[in-house]
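Geometric and topological summary
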Amino acid sequence: MSQVIFEDPVKRITGKVEPQSNMSFRRNGEKVFTYTLQHPRTEKDFSEHEKKYRRSFGEASKEASRLCHDTRYAERWNDYQEHGYLSRHKYVLHLIVNGEIESA
């Protein structure tokens with residue numbers, strides 16, 4: 001059996017500085033960045049409602065990607081251009097957000 005040596009297996013890591021704060025960190029190799037979740041225009045910290053909204057929209061986007069790449073379902077939404085969308089993903093995401101498709 002051959003010998004395997006792991007050298008620095010974790011190249012990137014992210015996390016929160018403190019559990020209750022908005023301050024988070026990201027380590028990429030030797031560089032460490034800290035950042036806060038703030039609204040880009042007002043520079044105020046995100047509220048819990050905004051965090052929940054972004055998290056749910058991200059989950060809906062993942063579900064739309066999964067449905068678009070699944071050949072069993074993708075053919076149903078090939079007429080996305082007829083509905084005014086540039087991609088099948090955006091069309092399916094619109095249907096999920098509006099509740100017209102039940103996410104699995």
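Check the entry above for the structure.
This structure is a prediction, so every number in the text was calculated from the model and none was measured.

**Considerations on the sheet that holds strand β1 (residues 12-16)**
Overall, antiparallel pairing links the three strands, which are arranged β1-β2-β3 in an open sheet. Strands with a single pairing partner mark the edges of an open sheet, and in this sheet they are β1 and β3 (31-36). Taking each pair of neighbouring strands and ignoring which way they run, the sheet shows an average axis angle of 15 degrees. With six bridges joining them, strand β2 (residues 23-28) and β3 adopt antiparallel strand pairing. Residue pairing in the sheet places Phe 25 in a bridge with Thr 34 of β3.

**Considering the nonpolar core**
In terms of nonpolar packing, the biggest core is built from 12 residues, these being Ala 60, Ala 64, Leu 67, Cys 68, Trp 77, Tyr 80, Tyr 91, Val 92, Leu 93, Leu 95, Ile 96 and Ile 101. For this core, the secondary-structure elements that each account for two or more residues are α1 (48-69) and α3 (88-97). Of the residues forming this core, the biggest block, five residues, is contributed by α3. Here Trp 77 is in contact with Leu 67, Arg 88, Tyr 91, Val 92, Leu 95 and Ile 101, once residues within four sequence places are set aside.

**Observations regarding the environment of Glu 63**
Looking at the secondary structure, you find Glu 63 in helix α1. Once the C-alpha coordinates of Glu 63 and Val 92 are considered, the two residues, 29 residues apart in sequence, prove to be 9.0 Å apart. Among the polar contacts made by the side chain of Glu 63, one reaches the side chain of Arg 66 at a distance of 2.7 Å.

**Description of the packing of aromatic side chains**
Enumeration over the complete set of coordinates arrives at two aromatic pairs. Ring centres of Tyr 85 and Tyr 91 lie 5.4 Å apart, and the angle between their planes is 45 degrees; on these two criteria the pair is classed as tilted. Since its relative accessible area comes to 22%, Tyr 85 is described here as partly exposed. Exposure remark for Tyr 91: the relative accessible area of 9% places this residue in the buried category.

Conventions we followed
- Residues numbered from 1 in each chain as written.
- Predicted model: local features only at pLDDT ≥ 70, side-chain atom pairs only at ≥ 80, totals over all residues.
- Heavy atoms only, no water.
- Pairing = 2+ DSSP bridges.
- Helix = DSSP H or I, 4+ residues; strand = E, 2+ residues; numbered from the N terminus.
- Axes fitted to C-alpha atoms, helices over the stretch in contact; angles between N-to-C directions.
- Core = buried A, V, L, I, M, F, W, Y, C linked by side-chain atoms within 4.5 Å.
- Buried < 20%, exposed > 50% of the residue type's maximum accessible area, 1.4 Å probe, protein only.
- Contact = heavy atoms within 4.5 Å.
- Polar contact = N/O pair within 3.5 Å; in protein donor to acceptor, adjacent residues only side chain to side chain.
- Phe/Tyr/Trp six-rings, centres within 6.5 Å; stacked < 30°, edge-to-face > 60°.

Everything listed is a geometric property; what it means functionally is a separate question.
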